[in-house]
Every structure is written in C-alpha cells, then in structure tokens.
Amino acid sequence: MKKTFSVKNILLSLSFALCANCYLLVSTRLWLLWVLVPLFLALNIFIGPLKREVPGWRMRVGGHGLYMLIAFLPAACISVIYHAVLFFSSLGGEMWHVLWSALVCIGVLAVVFWNGIVCVYCTSVRLGIKLRVIGALCGMIFPVNLIILGKIINAVDGELEFEKKCVARDKARSHLAVCSTKYPLLLVHGVFFRDFKHFNYWGRVPSSLERNGARVFYGNHQSALTVAESAAELTERVKRIVKETGCEKVNIIAHSKGGLDCRYALSELDMLPYVASLTTVNTPHRGCIYAEKLLKYAPEKFKNKIANTYNAALRKLGDENPDFLKAVGDLTFSACEERNKLLKDPEGIFTRSIGSVVGKAKNSHFPLNLSYGLVKQFDGRNDGLVGENSFQWGSNYLLLEPAGKNGISHMDVIDLSRQDIEGFDVREFYVELVNDLKNRGL
C-alpha cells in the first residue's frame, strides 16, 4: 500500500486523532469548536486525489474513500491508547469525562470510517462482490474486520495506482489516435445480457478505446432470441448506423453468442456489404456439449421454471419476446453443427477469433468458478462456459493464456467482471486489437 506512509496520510491521521480526542480540550475552550468542526468537515469532503492525478469522478471518489480508510486505522490506534491512559489516570476520579470522551471519539471515527467505506464500495471495481459481502458480514468481528479492511485498502490502492498508469499511458499517446479506425466499431454482446446505459457489458473497454480515438457503437439487440432472430436485429442495426453516420461499413467485435449471430447475418442475411471485419471473442462456434446434456437430462419442470423466471425479468428490462430455452438450444453442440453446415464463410472481410481459458476453478470469479468443473467434464479446458475446442474460426485465431494463476474467464475477457487479471491488461488488449484493424486500413 504505497499511500499508507505518505506525508499526506500521516497528517490526515493526526488531524482525525485530534478531532476524535478533543473532548477534554474543548470542554474548557469552547472556541476551539469553531476551528475543529470546520477542519473535520473539510477533511471529510475535500481530501482525495486531485483531478490532474486521477481524471474521472469515480476514481477520485474512490481515492477519497481510500484516504479516509488509511487515515482511520492509525487514528483509531491513537485513540485506543489515549483512552486507555485516560481511563487509568482517572481511576477514583471523575470517570464521566472518560465516558463522554469515548463517545465523542467513537462518533468522530465512525464518520471517517463510513465516509471511506461507502466511497470505495460505490466506486471500486476491483473489490468485487465477494470482498464486499465478506466485509459487510465481518464488520463487527474483531480482529477479522481489521484483516478484511486491510484487504479492502490494498485492493483499492492497487486499483487507483493502476488507473493512474492507464490514464497516463493513454494521455501520452492521445495524439496518435491509435484506435482511430477507418470504420467505426460495433460491439455485440452475448446471450442473456443487454446494452444498458448505466452498466456497460464491456466494462472499462469502450472508454479506453474512445480515449484512443475509436468511435464505438453497440448492438442494442435483445438478450435471449434464437441466432436467426438476433442476426435479423443486428442486420437492421448495422444498416441504421451506416445510414445515419455515412460510415459505409463497421468493424464488429462480438462476444459469445454474438459471434454466432453475426456469422448468420453475414451468411444468410444482407449484412455483408456493410461489414469490414468480424472479430469473435470466446464464441462457441462448435457449440457446447454440456449445454446439450443439461437440456436433455434436466427435468422439464426445472427448465421451465428457470426459463419463465428469466423471461419475465427480461421483459421488464426491455426485451419484447425473450425465449430462454430457444436461446440456449441454439448454443448446443448439435445445433451449432447443423448451422455450420449451412453458414458460408464471409468473403472480402477480415475475420478473426479469440478464446481464453480459466486456470483453476477456485481461482476464478463467481459464478464461473462453479460452472467450470461441469463444463470441463464434457468440453475439456474452458473459460467457465465455452470449451477451448469451440473458439477457433476465421483467418486468425488467438488463445489467451496469461501467466497468472486465474486465467481469463468468459466474463473477464470482456471486462464484465471488472477485475484486473494478473498477466492480462484487458483494456490494453482491446486497444492493440483495434490498432491492428487500423493498421490493416479498416
């Protein structure tokens, strides 16, 4: 934790310790309230990274929370020692002074702690659901809460430093516009997701691409349709983008089922003249054997219950006619095998496929750490959902196998999990991917 021993945090900790333990001092000098209260409020509102250090409100708020939490720990230690000395020195005397001082101290430090924890919980992407839940459940269990707080501080500190490096890197090469391709990008999501305004399916990738000169559009198609139905929606979407922008064509990057949708649209519909390239990411081109087994052997009542629950939820989120079972059925091994006999490889455009695999299930992120073992029984090495043997398609193929122990899951490869993967910078990977399209004149 690089920030722990900075002069700024030492001064901040001492300031909070002074405010927390000021009861006896203020009780005889009330005028000090006019100094300490504004000081305390200012520290809780304005302390944090400057705009020039970390552009963007999210990381500035997260950085502010980090400063609060780092300052909280030494301030709390100082306060415990101070009140222990105060307690023993007041034995046989006026103990109510100690009680009121302790109450004031607890109140002040509670404000500092909750200021910090709310800020980092609301803004950090590296914390993940798991650490957030553990932190909430163990918040009152000493000393486990201190260990968890240390992990939270370490995660957010690492995230802030990483974000600063990314921003500095993009700023240094901004004049090069390395992602300024001839044709704009169309990002196509996979099954069971939508392109929501306030939760980007592609995580931090689009903003990084745009900072480097890319023009980014989204598929905006429904989440759970058959391949043919999704292909029809995407074809209309591409035509509309071309007509409204005059861009002539688009470069498509499609994840998971989105790759199958785009292949169908290029082969069977009239989307081909409007596409310059298609890159599929972790797409099950040869289907998923485990999905076929689940559909075959799972009880009808169980399947229908899941399907009805999902379909009802997605209707509320904007899908007109979601069909969970048909969407899954189009991802099975036999469905993909039959469709591959029909589909023609697109001519005159650049095609590429990318895949990734998880290292060990226990090191992956929920829920793919649970599905990995099941998929492995039928499809071999996989990303938590799709087997390695199903990824390859097109004229170029890349399998991502970083040195880190986690590997790269189906979610990680598009930054849906918002995790920084050891040995794999997901944002820079897509910057290089799009820069390659630019260098190809696309």
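Colleague: A description of the nonpolar core should follow, citing residues and the corresponding values.
Modeller: Ranked by size, the top nonpolar core spans 35 residues in total, and within it Leu12, Phe16, Leu69, Leu109, Val120, Leu127 and Ile152 carry the most contacts. Those elements giving two or more residues to this core turn out to be helix H1 (7–20), helix H3 (33–46), helix H4 (57–89), helix H5 (96–123) and helix H7 (144–172). Take this core: its biggest share by element is 10 residues, from H4. Among all residues touching Leu109, those that are not within four sequence positions of it are Ala20, Phe72, Ala75, Ala76 and Ser79. Ranked by size, the runner-up nonpolar core spans 33 residues in total, among them Val188, Ile241, Phe324 and Leu343.

Colleague: Go over the environment of Asn251 with me, naming the residues and quoting the values.
Modeller: In this fold, Asn251 is placed in strand E3 (residues 250–255). Judged by its relative accessible area of 0%, Asn251 falls in the buried class. Expressed as a C-alpha distance, the spacing of Asn251 and Leu41, which sit 210 residues apart in the sequence, is 50 Å. Those residues in contact with Asn251 that sit more than four places away from it in its chain are Thr181, Tyr183, Pro184, Leu185, Leu186, Ala276, Ser277, Leu437 and Leu442. Of the polar contacts made by the side chain of Asn251, one reaches the backbone oxygen of Tyr183; its length is 3.0 Å.

Colleague: So what about the pattern of salt bridges? Which residues, and what values?
Modeller: Enumeration over the complete set of coordinates arrives at 22 salt bridges. Where Arg440 meets Asp436, a salt bridge forms, and the shortest distance between an N and an O atom there is 2.8 Å. Judged by relative accessible area, Arg440 falls into the partly exposed class, the value being 42%. A relative accessible area of 24% means that Asp436 is categorised as partly exposed. Members of the salt-bridge network, linked through shared partners, are Arg58, Glu159, Glu163, Arg204, Asp415 and Arg427.

Colleague: Help me get a handle on the environment of Asp270, residues and values and all.
Modeller: Its location among the elements puts Asp270 in the loop between helix H10 (257–268) and strand E4 (275–281). By relative accessible area, Asp270 is classed as partly exposed at 41%. The spacing of Asp270 and Lys239 is 31 residues in sequence and 9.5 Å in space, taken between C-alpha atoms. Not counting residues within four places of it along the chain, the set of residues in contact with Asp270 comprises Thr235, Lys239 and Ala265. A polar contact of 2.6 Å, which involves the side chain of Asp270, links it to the side chain of Lys239.

Colleague: An account of the packing of helix H6 (residues 128–137) against H7 is needed here, citing residue identities and associated values.
Modeller: To characterise two packed helices, one gives the angle between the axes of the helices and the distance between these axes. For the pair H6 and H7, the least separation of the axes is 10 Å and the interaxial angle reads 145 degrees. The way H6 lies across H7 gives a crossing that is left-handed. For the pair formed by H6 and H7, the contact residues are Leu131, Ile134 and Gly135 on the first element and Ile148, Lys151, Ile152 and Ala155 on the second. The residue makeup of the contact of H6 with H7, split by class, is 5 nonpolar, 1 polar and 1 charged.

Colleague: Please set out the packing of aromatic side chains residue by residue, giving values where relevant.
Modeller: Under the definition given, this model contains 12 aromatic pairs. With a centroid separation of 5.4 Å and an interplanar angle of 50 degrees, the aromatic rings of Phe72 and Phe113 are classed as tilted. Placement of Phe72 in helix H4 and of Phe113 in helix H5 is noted, with a sequence separation of 41 residues between them. Residue classification places Phe72 among the buried residues on the basis of a relative accessible area of 15%. Between Phe192 and Phe324, the aromatic rings sit 4.8 Å apart at their centres with planes inclined by 15 degrees, giving stacked as the arrangement. Of the two residues, Phe192 is situated in the loop between strand E1 (185–188) and helix H8 (205–211) and Phe324 in helix H13 (residues 324–329); the sequence distance between them amounts to 132 residues. Overall, the relative accessible area of 16% leaves Phe324 in the buried class. We note Arg440 situated over the ring of Phe350; from NZ or CZ to the ring centre the distance is 4.0 Å.

Colleague: An account of the pairing of strand E5 (residues 350–356) is requested, with residue identities and associated values reported.
Modeller: Each regular strand shows side chains that alternate between the opposite faces of the sheet. Counting buried residues along E5, 7 of its 7 residues qualify, which places the element largely inside the surrounding structure. Of the two faces of E5, the one carrying Phe350, Arg352, Ile354 and Ser356 and the one carrying Thr351, Ser353 and Gly355 are both buried. Bridge count for E4 against E5 is 5 bridges, and the pairing is parallel. Bridge assignment links Ser277 to a residue of E5, and that residue is Phe350. The sheet contact formed by E5 and strand E6 (residues 396–400) spans 5 bridges and is parallel.

Colleague: How would you sum up unusual backbone geometry? Please name residues and give values.
Modeller: Its identity as a non-glycine residue notwithstanding, Phe192 has a phi of 70 degrees, on the positive side. What makes Phe192 partly exposed here is its relative accessible area of 25%. Unlike most non-glycine residues, Asn220 shows phi in positive territory, near 55 degrees. Secondary-structure assignment places Asn220 in the loop between strand E2 (216–218) and helix H9 (227–245).

Colleague: Kindly report on the pairing of E4, identifying the contributing residues and their values.
Modeller: Most of E4 is tucked away, with 7 of its 7 residues classed as buried. Pairing geometry for E3 and E4, over 6 bridges, is parallel. Directly across from Asn251, in E4, lies its bridge partner Ser277. Of the crossover connections in this fold, the one passing from E3 over H10 to the parallel E4 is right-handed.

The rules behind each value
In this numbering scheme, every chain counts its residues from 1 along its sequence in written order. Predicted model: local features are reported for residues with pLDDT of at least 70 only, side-chain atom pairs are reported and counted for 80 or more only, and whole-chain, interface and lining totals are derived from all residues. The basis for every side-chain value is the complete set of heavy atoms in the structure, and neither hydrogens nor water enter the calculation. Nonpolar cores are built from buried Ala, Val, Leu, Ile, Met, Phe, Trp, Tyr and Cys residues. Side-chain atoms within 4.5 Å join them into one set. A 1.4 Å probe rolled over the protein chains alone gives each residue an accessible area, and that area as a share of the maximum for its type sets the label: buried under 20%, exposed over 50%, partly exposed in between. Helix and strand assignments follow DSSP, with helices taken as H or I runs no shorter than four residues and strands as E runs no shorter than two, numbered in order from the N terminus. The contact rule is simple, with two residues in contact once any of their heavy atoms fall within 4.5 Å. Side-chain atoms alone can form a polar contact between residues adjacent in sequence; in general such a contact is a pair of N or O atoms within 3.5 Å, and within protein one must be able to donate a hydrogen while the other accepts it. A pair is scored as a salt bridge if a Lys or Arg side-chain nitrogen falls within 4 Å of a carboxyl oxygen belonging to Asp or Glu. Axes here mean lines fitted to C-alpha atoms, for a helix over just the part in contact, with angles spanning 0 to 180 degrees between N-to-C directions. Helix crossings get a hand from a simple test, with the near helix turned counterclockwise from the far one by less than a right angle marking a left-handed crossing and a clockwise turn marking a right-handed one. Asp, Glu, Lys and Arg are counted as charged, while Ala, Val, Leu, Ile, Met, Phe, Trp, Tyr, Cys and Pro are counted as nonpolar; the rest, among them Gly, fall into the polar class. Only the six-membered ring of Trp is used, alongside the rings of Phe and Tyr, when aromatic pairs are assigned; centres must lie within 6.5 Å, and planes under 30 degrees apart are stacked while those over 60 apart are edge-to-face, with the rest tilted. Think of it as a cone above the ring: NZ of Lys or CZ of Arg counts as a charge over the ring if it is within 6 Å of the ring centre and within 35 degrees of the ring normal. When DSSP locates at least two bridges between a pair of strands, those strands are taken to pair. Place the viewer so that the strands point away; then a crossover is right-handed whenever the path from the first strand over the helix to the second strand goes clockwise.

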